[in-house]
Amino acid sequence: LGSMSSIAISYGEGGSVLCGLKSDGSHLAVCYGSNSAILYGTPAHFQFIGLTGGDGFMCGLLMQSYQPYCWGNSAFIQMGVPQPMIKGAEYLEVSAGDYHLCGLRKPIVGRRQSSNVSSSSSLVDCWGYNMTRNFVFDKQIHSLSAGAEFNCGLSSKDKSVFCWGDENSSQVISLIPKETKFQKIAAGGYHVCGILDGLNSRVLCWGKSFEFEEEISGTSTGEQILNLPPKEPLLAVVGGKFYACGIKRYDHSAVCWGFFVNRSTPAPKGIGFYDLAAGNYFTCGVLSGTSMSPVCWGLGFPASIPLAVSRGLCVNTPCPPGTHELSNQDNSPCKVPGSHICVPCSPNCPTEMYQKSECTERSDQVCVYNCSSCFSSECSSNCSSASTNGGKARGKFWSLQLPIATAEIGFALFLVAVVSITAALYIRYRLRHCRCSENDTRSSKDSAFTKDNGKIRPDLDELQKRRRARVFTYEELEMAADGFKEESIVGKGSFSCVYKGILRDGTTVALKKAIMSSDKQKNSNEFRTELDLLSRLNHAHLLSLLGYCEEGGERLLVYEFMAHGSLHNHLHGKNKALKEQLDWVKRVTIAVQAARGIEYLHGYACPPVIHRDIKSSNILIDEEHNARVADFGLSLLGPVDSGSPLAELPAGTLGYLDPEYYRLHYLTTKSDVYSFGVLLLEILSGRKAIDMHYEEGNIVEWAVPLIKAGDINALLDPVLKHPSEIEALKRIVSVACKCVRMRGKDRPSMDKVTTALERALAQLMGNPSSEQPILPTEVVLGSSRMHKKSWRIGSKRSGSENTEFRGGSWITFPSVTSSQRRKSSASEEDVVEEDEGRKQQEVLRSLEEEIGPASPGQSLFLHHNF
Ligand SMILES: Nc1ncnc2c1ncn2[C@@H]1O[C@H](COP(=O)(O)OP(=O)(O)OP(=O)(O)O)[C@@H](O)[C@H]1O
């Protein structure tokens, strides 16, 4: 977001990353954070003029060619030099939004200038979602700044702002202040802030990000989560998703305003900054001083940032007022002759000092102590060192001060330790004991489909929801699926037909059309459950809902299209080659990814979501062979405490159904664990969950005795050769066996299952220690999937329709990654290491006793897929 700078942030599902130009003047980029695609994709030898980051990707302006170069992952922008690229085009600056990048072209002079582009025009080329175009503006542009899905330019001549792009989500175009001049602008997610031209340098913001003001001030919580813009003069401004931050001219400290999601940390006080960069929910700044270290605040920023970054961009134009060139003694980092870095002038001299010389273009102001009015130790020591007997005095001074300083430092360290330990214990407690707030629980009782009562709960989840689940018209979808012809069908479920479609903007989607069965109520319930749940859930390994349509009795859900269909198709489809292609690493990777999706449902949503229909036909595989858990038609919100089960009539698919749930109607998250265990056995053996070709039709009845007898060879899919690391598969076999234990409380939780599977995968891939995933979780599991274009509040009409289907915010998502959460439960032993024997016997005994067909009298609606 925002403008090009020497530091930039990438954010989004792939993890947050801060990149900066190295402090050694090499103009090479260095990145730190958790998005592996960006970290490993950072070019080692390209020199950049500046950087800019978007959702999942980072771009820099190459020093040699003046062309943009991007790395990381984006479904909308080609990584490397974005394409299409006009031959020989050179850019002055680039700026990235969520899913797009724009570059301001260097003016073309001489013969090459095209007849329809005058010398007072500017060319801006953009790439990405809804933006890939060459724009011509009839004004000279001083600077560019990109918002989530729009861009703004600051005109050189009249210093006015103009914006283009998506107006619906932000309204930044219609709200541009008229006849107002700006020095600088910074676009954020859904707003723009500009520093006014003139002496007072105040900031002025407009757009939709701050629209929640009324609701928040009307709440009785008293939480200060909406700050108004500061009144004091600013030197710089950057925009986050729903907020902005600036550097105060007076003391270079950072100040932030706008809308802050719960749990955000505030901007540090009393510290000065050279430069800031904003991601969606956090900001990083480069500390003034010699360390050049970045510091971040907000929510979801990289945990620690050891890199020092360059203090600014190298420019070959004079430094503007209020800034000065970095002097040579500061090791001016620009290697290009004639260029330099401009840094802001220091603020007014501190007390006890007076200004000896002013800040000029070449050097900062100089402040010296006024020795006639000293009262601080620094001043005294400074002044006394200037006097002839300064050495003695200083020695005496330090002999008095040293013990006090040591005691103070010791006390401060003690305090820091106490606070850190308390915070760590508290976080751990919260993670282990997911408790929904009273608000959450209360609203969960409300119908999820009644209109909002006007109160907006200002949390991250609510904000994200507002910009998802687009409403489509039936006509639009009918056109996309070519009239819902037979040829467009990619799959059929019990209550729906799935079609492949192509939307007007070229996005390939899957359209799930409800089959109008006699049980209209049931259809409707499942449709609404799926719609409601999916528009709230957000994870790389859960299938994303893009939108829906409910018109005249027709109900359709629009999903991302999964190019490789379902796991069931791969394992049991007619095409045998598909099964063989699914080697052990691919199978285990799919298992890990599916486990992570389910783990998210159980562990990070509050109250937990129980899927109830985990099976191989609900594990879909995307273009990059990443697995996604799909089909939330049967999902239920579980009890917060997994010890208190829901009494629900069983639903699910035979073969995967938890016997405890099936028999006793005892539903907890452990029911999904059982189904997942069946899925693991299916992946390992290549046989269906129910297969009447076998003596034991049920896979659990067949596999567990084999496992118990230690006959792994008989279990493993004969289509594949045994891997050299057979131990890894043994681990998984053991996990599967535990998952299908008869009693839910004897089964491991999904986070333990995921950890065990990740270790097995690491081992399978030849990582000798196998205590850690072979790659960071995000790499093993990461997909380049984006939460596309955040199907924003499209037209005004669709916006209102959206709200109609939004329930209360009773699912909250703690901002921890799976690996963090699992680390926090370090005391949990690896499920694989547990003593197996006695319990397995118990499992077997109970299996024999318990597994059997449902009694006809039970009012179940079981459906199956074999
Ligand atoms: N997003 C998608 N992209 C590509 N194919 C899909 C997508 N969603 C579903 N399919 C295909 O359509 C099939 C039917 O999906 P659907 O979710 O309607 O039913 P199911 O889960 O297989 O069965 P049931 O509804 O009985 O549980 C899937 O098995 C899969 O092959």
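Please read these numbers as outputs of a predicted model, since none were measured by experiment.

Student: Explain the overall build of the protein to me, please; I cannot follow it from the model alone.
Tutor: Each helix and strand in the protein was counted, giving 21 helices and 42 strands. Summarising the internal contacts of the protein: among those between residues at least 6 apart in sequence, 59% fall at separations of at least 24. Of the accessible surface of the protein, which amounts to about 38,300 Å², a share of 53% is contributed by carbon and sulfur atoms.

Student: Hey, could you run me through the state of the cysteines in this one?
Tutor: Every disulfide links exactly two cysteines, by a covalent bond between their sulfur atoms. Applying the stated criterion across every chain yields a total of seven disulfides. Across a sulfur-sulfur distance of 2.1 Å, cysteine 102 and cysteine 126 are joined as a disulfide pair. Taking the sign of the S-S torsion, about 110 degrees here, the bridge from cysteine 102 to cysteine 126 comes out right-handed. A residue pair is termed long-range when its members are at least 10 positions apart, and cysteine 102 in strand 8 (residues 100-105) and cysteine 126 in strand 9 (residues 122-128) qualify at 24 residues. You'll find cysteine 102 and cysteine 126 in the same group, each marked buried. The thiol sulfur of cysteine 737 is not disulfide-bonded, and the nearest other cysteine sulfur, from cysteine 739, lies at 9.3 Å.

Student: Just checking my understanding: could you explain the sheet that holds strand 34 (residues 554-560) for this structure?
Tutor: Strand order in the open sheet made by the six strands is 29-33-34-32-31-30, with mixed pairing throughout. On the outer flanks of this sheet lie strand 29 (470-471) and strand 30 (489-492), each paired with one strand and no other. Examined bridge by bridge, strand 29 and strand 33 (residues 545-551) share two bridges and lie parallel to one another. By the bridge assignment for strand 33, arginine 470 is matched with glycine 547.

Student: Please explain the site of the ligand as it appears in this structure.
Tutor: As a matter of local geometry, the ligand sits amid 22 residues, with Ser494, Ser496, Lys615, Asn618 and Asp631 nearest to it. With respect to the ligand, the backbone of methionine 562 contributes an N or O atom lying 2.9 Å from a nitrogen atom. Contact distances for the ligand include 3.4 Å between an oxygen atom and a side-chain N or O atom of aspartate 613. Protein chains shield 91% of the accessible area of the ligand, which is 610 Å² for the free molecule. For the shell around the ligand, the elements supplying multiple residues, two or more each, are strand 30, strand 31 (496-502), strand 32 (508-514) and strand 34. If one sorts the elements of the shell around the ligand by residue count, strand 30 sits on top with three residues. A per-class count over the shell around the ligand returns eight nonpolar, eight polar and six charged.

Student: Quick question: what am I supposed to make of the pattern of salt bridges here?
Tutor: Any two side chains of opposite charge can pair, so long as their charged atoms come close to each other. If you walk through the whole model with that rule in mind, you get 17 salt bridges. Here aspartate 482 makes a salt bridge to lysine 485, at a shortest N to O gap of 3.6 Å. By relative accessible area, lysine 485 is classed as partly exposed at 40%. In this structure, aspartate 746 engages arginine 743 in a salt bridge whose closest nitrogen and oxygen atoms are separated by 3.4 Å. When salt bridges that share partners are traced, they join Arg470, Glu476 and Arg504 into one network.

Student: Looking at this model, I keep getting lost on the environment of cysteine 383. Mind explaining?
Tutor: With respect to the element layout, cysteine 383 can be found in helix 3 (residues 377-386). Accessibility expressed as a relative area gives 13% for cysteine 383, which makes it buried. Contact partners of cysteine 383, with chain neighbours within four places excluded, come to Tyr369, Cys371 and Cys374.

Student: Quick question: what am I supposed to make of the packing of aromatic side chains here?
Tutor: In this description, an aromatic ring pair is defined by two values, namely the gap between the centres and the angle between the planes. With the rule as written, the count across this model stands at 19 aromatic pairs. With centroids separated by 5.3 Å and ring planes inclined at 50 degrees, the aromatic side chains of phenylalanine 273 and tryptophan 297 adopt a geometry described as tilted. One end of the pair, phenylalanine 273, is in strand 21 (residues 273-278); the other, tryptophan 297, is in strand 23 (residues 294-298), and 24 residues separate them in sequence. The same class applies to phenylalanine 273 as to tryptophan 297, namely buried. Among the aromatic residues, those joined into a ring-pair cluster are Phe46, Phe48, Tyr69 and Trp71. Over the aromatic face of phenylalanine 484 sits the side chain of lysine 513, whose NZ or CZ is 5.1 Å from the ring centroid.

Student: Any chance you could explain the sheet that holds strand 25 (residues 323-325) here in plain terms?
Tutor: Whether parallel or antiparallel, the strands of a sheet pair through hydrogen bonds between backbone atoms. Pairing is antiparallel in the open sheet, where three strands are placed in the order 24-26-25. The outermost strands of the open sheet, each flanked by one partner alone, are strand 24 (314-315) and strand 25. Bridge count for strand 25 against strand 26 (residues 340-344) is three bridges, and the pairing is antiparallel. From the neighbouring strand, histidine 324 faces strand 26, where its bridge partner is valine 343.

Student: Would you mind going over the side chain of histidine 611 with me for this structure?
Tutor: Mapped onto the fold, histidine 611 is located in the loop between strand 35 (609-610) and strand 36 (619-621). Residue classification places histidine 611 among the buried positions, given a relative accessible area of 0%.

Student: Before we go on, may I ask you to explain the nonpolar core in this structure?
Tutor: Core analysis: the biggest nonpolar cluster contains 59 residues, and Leu567, Phe676 and Leu757 have the highest contact counts within it. Looking at this core element by element, the count peaks at 10 residues for helix 11 (residues 584-603). In contact with leucine 757, other than residues within four places in its own chain, are Val588, Ala591, Val592, Ala595, Phe676, Leu680 and Ile732.

Student: Can you help me understand the environment of leucine 61 in this one?
Tutor: Inspection of the secondary structure puts leucine 61 in strand 5 (residues 57-62). Using a relative accessible area of 0% as the deciding quantity, one classes leucine 61 as buried. As a C-alpha pair, leucine 61 and serine 95 span 34 residues in sequence and 9.4 Å in three-dimensional space. Excluding anything up to four places from it in sequence, leucine 61 contacts Met4, Gln47, Phe48, Ile49, Gly50, Tyr66, Gln67, Pro68, Tyr91, Leu92, Glu93 and Val94.

What counts and what doesn't
- Just so you know, the residues in each chain are numbered from 1, in the order the chain's sequence is written.
- At least 70 in pLDDT is required for a residue's local features to be given in this predicted model, at least 80 for side-chain atom pairs to be given and counted, and no such filter applies to totals for whole chains, interfaces and linings, which use all residues.
- As a convention, hydrogens and water are excluded, and side-chain values are obtained from all of the structure's heavy atoms.
- Labels follow the DSSP assignment, with helices taken as runs of H or I lasting at least four residues and strands as runs of E lasting at least two, numbered in each case from the N terminus.
- When checking whether two residues touch, look at their non-hydrogen atoms; a contact exists if any pair is within 4.5 Å.
- Every accessible area reported is derived by Shrake-Rupley at a probe size of 1.4 Å, with residue values counting cover from the shown protein chains alone.
- Cysteine sulfurs are considered disulfide-paired once they come within 2.5 Å of each other.
- Between buried and exposed lies partly exposed: a residue is buried under 20% and exposed over 50% of the maximum accessible area for its type, with that area taken using a 1.4 Å probe on protein chains only.
- For two strands to count as paired, DSSP must find a minimum of two bridges between them.
- The near set for a molecule or strand comprises every residue that places at least one heavy atom within 4 Å of it.
- In protein, a polar contact means a hydrogen-donor-capable atom and an acceptor-capable atom, both N or O and within 3.5 Å, with residues adjacent in sequence counting only if both atoms are side-chain atoms; elsewhere, any N or O pair within 3.5 Å suffices.
- Residues are sorted three ways: Asp, Glu, Lys and Arg are charged, Ala, Val, Leu, Ile, Met, Phe, Trp, Tyr, Cys and Pro are nonpolar, and all the rest, Gly among them, are polar.
- Any carboxyl oxygen of Asp or Glu that lies within 4 Å of a side-chain nitrogen of Lys or Arg is treated as forming a salt bridge with it.
- The criterion for an aromatic pair is that two Phe, Tyr or Trp rings (for Trp, the six-membered ring) have centres within 6.5 Å, with stacked assigned to planes under 30 degrees apart, edge-to-face to planes over 60 apart and tilted to the rest.
- Lysine NZ or arginine CZ positioned within 6 Å of the ring centre and within 35 degrees of the ring normal marks a charge as sitting over the ring.
- Residue types Ala, Val, Leu, Ile, Met, Phe, Trp, Tyr and Cys, when buried and joined through side-chain atoms within 4.5 Å, form a set referred to as a nonpolar core.

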